[in-house]
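# Report on the structure
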Amino acid sequence: MANAASGMAVHDDCKLKFLELKAKRTYRFIVFKIEEKQKQVIVEKLGKPSDSYEDFSASLPANECRYAVYDFDYVTDENCQKSRIVFVAWSPDTSRVRSKMIYASSKDRFKREVDGIQIELQATDPTEMGLDVIRSRLN
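These notes cover the structure that comes with them. (Residues numbered from 1 in each chain as written. Predicted model: local features only at pLDDT ≥ 70, side-chain atom pairs only at ≥ 80, totals over all residues. Heavy atoms only, no water.)

## Topic: the layout of surface pockets
Here is the rule: Cavities and pockets were defined on a 1 Å grid built from protein atoms only: a cavity is a group of points that admits a 1.4 Å probe but offers it no way out, a pocket is an open group of points flanked by protein on both sides within 12 Å along at least five of seven lines, and a lining residue is one with an atom within 4 Å of any such point. Grid points are joined across faces, edges and corners, and a volume is the space filled by probe spheres set on the points. Secondary structure elements follow DSSP: runs of H or I of four or more residues count as helices, runs of E of two or more count as strands, with numbering from the N terminus.
By volume, the largest pocket amounts to about 190 Å³. Lining the largest pocket are 13 residues; nearest its centre among them are E36, E64, R66, R96 and S99. Elements with a minimum of two residues in the lining of the largest pocket: β2 (29-35) and α3 (97-113).

See the structure below:
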């Protein structure tokens, strides 16, 4: 049984969908939600490979916490096509305190379960997870 120290359990579907994003690039992004009653993290939304970063940002609720991963494509200074998996811990100021605490205490366990996150962002509003912020963290 999950407790506050260990964080919420992570549903197997979360791990499977993350592997599909990482290995097969089946999705552009995944939004995860904690189901408090079930005491586990579940997949809430899957982004199509053609979805943009704006679609990703718009999929995060304005006043509820979420975890999300985004497959960020970019071109290096040497003109090489690369990709990084960005993890966003979305915790808007307007969300409930209890929700913020649950997401904060479950984050490390969630990250251990989905192996392969390369960049991590903690965001309380959209400006903290803009493309410029991600680009500044690439190296």
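This is not the end of the story, as more comes after the structure.
## Digging into the sheet that holds strand β4 (residues 66-75)
Rules: For two strands to be treated as a pair, DSSP must find no fewer than two bridges joining them. Residues are treated as being in contact if the distance between any of their heavy atoms lies within 4.5 Å. Orientation is described by lines fitted to C-alpha atoms, with helices fitted over the stretch in contact, and by angles between N-to-C directions that extend from 0 to 180 degrees.
In spatial order, the strands read β1-β3-β2-β4-β5-β6; together these six strands make up an open sheet with mixed pairing. For this open sheet the edge positions go to β1 (9-10) and β6 (119-123), each flanked by a neighbour on one side alone. As paired elements, strand β5 (residues 81-90) and β6 share five bridges and run parallel to each other. Paired with V86 across the strands is I119, a residue of β6. Against the sheet, helix α1 (residues 12-24) engages β1, β2, β3 (40-47), β4 and β5, with an angle of about 35° to β3.

## Focus: α1
For clarity, the cut-off: Take the residue count of a helix, subtract one, and multiply by 1.5 Å to get its expected span. In this scheme, a residue with accessible area under 20% of its type's maximum is buried, one over 50% is exposed, and one in between is partly exposed, where area comes from a 1.4 Å probe on protein chains only. The arc in question is formed by the directions pointing from the helix axis toward the C-beta atoms.
The end-to-end C-alpha distance of α1 is 17 Å, a good match for the 18 Å that 13 residues give at a rise of 1.5 Å each. Considered for burial, the residues of α1 that qualify are C14, K17, F18 and L21. Buried positions in α1, seen along its axis, are confined to an arc of 100° and lie on one side of it. Away from its buried face by more than 90 degrees, α1 exposes D12, A23 and K24. At its buried positions, α1 is contacted by β1, β2, β3, β4 and β5. Positioned one or two residues after α1, R25 has a phi angle of 60°, which is positive.

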